[in-house]
Amino acid sequence: MSTSELTTVRAGFIPLVDCAVLVAAKEKGFAERHGIDLLLKPEVSWANIRDHINVGFLDVAHMLAGMPIAQSLGINHIKFPIIAPMALGAGGNAITVSCGLHAQLQDTGADLSDPLSAAKALRKVVDRRRSDGLEPLSFGQVFPFSCHNYQLRYWMAAAGIDPERDVSLVVIPPPYMVKSLEAGQVDGFCVGEPWNTLAVEQGVGVILLPTSSFWPAGPEKVLGLSERWANDNRETLQALLKALDEAAKWADDAANHAELADMLAVDAYLGVSAPVLAKALAGDLHFYNAGIVRAECEDALWLYAQMVRWGQIPLSREAEQVACRTYRPDLRAAALGVEKDISTAAHPAPLDGVAFDAADVPGYIAEVLIKA
Amino acid sequence: MADDLKILVIDEDPVRAAILKEGLSDAGHMLVEWIADMSNLHVRISALDPDVVLIDLENPNRDVLEQMFQVSREVKRPIAMFVDQSDTTMITASVDAGVSAYIVDGLKKERIKPIVDMTISRFNAFSRLQRELDDTKTQLEERKIIDRAKGILMKQKGIDEDEAYVLLRRNAMNQKKKIAEVAASVVMAADLLG
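Here the structure is a predicted model, which is why all the values come from computation and not from measurement.

## Concerning the overall build of chain B
Helices and strands together make up the secondary structure of chain B, namely seven helices and five strands. Each helix and strand of chain B, ordered N terminal to C terminal, gives the series β-α-β-α-β-α-β-α-β-α-α-α. Looking at the 194 residues of chain B, the share that counts as buried comes to 31%. The long-range fraction of contacts in chain B, counting pairs at least 24 apart against all pairs at least 6 apart in sequence, stands at 60%.

Structural data, given as structure tokens:
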């Protein structure tokens, strides 16, 4: 097919390992085979991704799983309906701490490989700092509606740490994360790859936990687009979803990871050395397996519950319905001609002992608030 | 117009920041701070406690501001972006110009709109200047490469400068290319063969 017969789709991405599905769709020809000329546009911030989608400079984008929900609800910004027909990745985040903090956590004698006892160890350090009159510990994350933000809070709160009062959570753009840890501006961070691996490689920090050890399986990044664009470009969207499904399957296959690492390493994408990327791909980041490629109502409600829990939006039946409708697995199923994937990923046991029931978000919120 | 609004400009480009600061002071805003170095940004913004923050869109630290206008104990007052449902033209204009504005919640729109309008027009003027500068640079580079190609042709064919130029121009017309492009291939060929 010549370029002139292809339909152009402008896709924004942030240079992170989990932009891989978009990159593979272009570089391995999946998009072209489905009649799409995929233009990949690097962006420097999540705020830019949101704004460029809103004003129509981008058609689709690599988004943090919480972004379409926050945007559709109009939290801290104008209300603008964004939908997510599929996930672009799950897992891949980790909590990394400075070598100094890691030594203090080890001194507590706790088993740091267990997420709950690691959180309890952190609480001991936090409490001691307070009684010593020291500044609270500071942790970096990437965006108010990122899983990273919610994962840090969920993990800390499980040990009784109040993330608003006992520590300081600050947003740091991922490329500055390692530098901030090295400069002592933060004591730890939660970020996606390759930044955790790079912190270790540079001897600046220690990876404490992959967040998948305690966080429910579900999307970390999604394909986000405006509802308006989806309605105006039904056929293009179907073709795109087919291409991305194939690309996700390809990217998920470990046999392709060496090629994928080389592909992502170039300056136009990540500009990070291929061996570091290969290491990052070998971790718990998934693009397809175990049904993670779907973005379901339950996944959206889990994130909505985090937004309510941490005071980003008040609880309401109406908001819950909007959040649920943000994730659109039906669009993916319609494009692929399948009813529903059968496989689902297993969730780790809840760290705080509070099971999440998507059918009863108010009940969940009431229970976590009592626990706090 | 005297105004006590404290405005913070976050921009790594000193020229653009200077153009913007000048515009702000012409409009009577004397409390203008500028941050060019992005390290430990949230602490410094908190310390300055601005009413309005203007930041260029190519700055990854926009996400830091997004977090700061969340209600938190870190900043004394919540900061919100200057947009509401009716402001879509303003968003498009500011995104197009490559700038974003954040303001302290509760500030009246009438006080902010002229500031944002002025920022947008200054950013656009800066982009125009930069385009003109790029064009001038390209023209200079084209002239340099044409001169080199003329020199190569004069030496190899034993012709004078005018003849060399005519030769380049004729080839360019025949191939429907720019003279500079033909000149570049002459230079490249000479480099490869010479």
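## Structural notes on the domain arrangement of chain A
Residues and elements named next belong to chain A. You can read the domains of chain A as domain 1 (3–89 + 218–345) and domain 2 (94–213). Domain 1 and domain 2 are separated by 27 Å when their C-alpha centres are compared. Listed by contribution, the elements that provide at least two residues to the side of domain 1 that touches domain 2 are helix 4 (67–73) and helix 13 (274–281). In terms of residue count, helix 13 provides more of the side of domain 1 that touches domain 2 than any other element does, four residues in total. Of the residues that constitute the side of domain 1 that touches domain 2, the class distribution is 13 nonpolar, five polar and four charged.

## Some thoughts on the interface of chain A and chain B
The interface of chain A with chain B comprises 25 residues on the first partner and 25 residues on the second. For the side of chain A that touches chain B, the secondary-structure elements that each account for two or more residues are helix 3 (46–54) and strand 7 (168–171) of chain A. For the side of chain A that touches chain B, the element with the highest residue contribution is helix 3 of chain A, accounting for six residues. Split by residue class, the side of chain A that touches chain B holds 13 nonpolar, nine polar and three charged.

## What about the pairing of strand 3 (residues 60–64) of chain A?
Residue and element names in this part refer to chain A. Burial of strand 3 is extensive: five of the five residues sit out of reach of the surface. Covered by surrounding structure in strand 3 are Val60, His62 and Leu64 together with Ala61 and Met63, the residues of both alternating faces. The sheet contact formed by strand 1 (residues 7–13) and strand 3 spans two bridges and is parallel. From the neighbouring strand, glycine 12 faces strand 3, where its bridge partner is alanine 61.

## Quick word on unusual backbone geometry
With an omega of 15°, the peptide bond between glutamate 193 of chain A and proline 194 of chain A qualifies as cis. Structurally, proline 194 of chain A is set in the loop between strand 8 (188–191) and helix 9 (195–201). Positive phi, normally seen in glycine, also occurs at asparagine 40 of chain B, with a value near 50°. Its location among the elements puts asparagine 40 of chain B in the loop between strand 2 (32–35) and helix 2 (41–48). On the basis of neighbour counts, which here come to 16 C-beta atoms within 10 Å, the residue asparagine 40 of chain B falls in the partly exposed class. In this model, aspartate 49 of chain B sits at a positive phi of 50°, which is unusual for a non-glycine residue.

## Here we look at the sheet that holds strand 6 (residues 138–141) of chain A
All names here are of chain A. One open sheet holds the five strands; their spatial order is 7-6-8-5-9, and the pairing between them is mixed. The sheet terminates laterally at strand 7 and strand 9 (205–210), the two strands that pair on one side only. Neighbouring strand axes in the sheet, compared pairwise and without regard to direction, differ in orientation by 25° on average. Relative to strand 7, strand 6 is paired through four bridges, and the arrangement is parallel. Across the sheet, the residue bridging to glutamine 141 is valine 171, located in strand 7.

Thresholds applied
- Residues numbered from 1 in each chain as written.
- Chains lettered and ligands numbered in written order.
- Predicted model: local features only at pLDDT ≥ 70, side-chain atom pairs only at ≥ 80, totals over all residues.
- Helix = DSSP H or I, 4+ residues; strand = E, 2+ residues; numbered from the N terminus.
- Buried ≥ 20, exposed ≤ 12 C-beta atoms within 10 Å, placed from the backbone.
- Contact = placed C-beta atoms within 7 Å.
- Domains from an automatic or database assignment.
- Nonpolar A, V, L, I, M, F, W, Y, C, P; charged D, E, K, R; others polar.
- Pairing = 2+ DSSP bridges.
- Axes fitted to C-alpha atoms, helices over the stretch in contact; angles between N-to-C directions.

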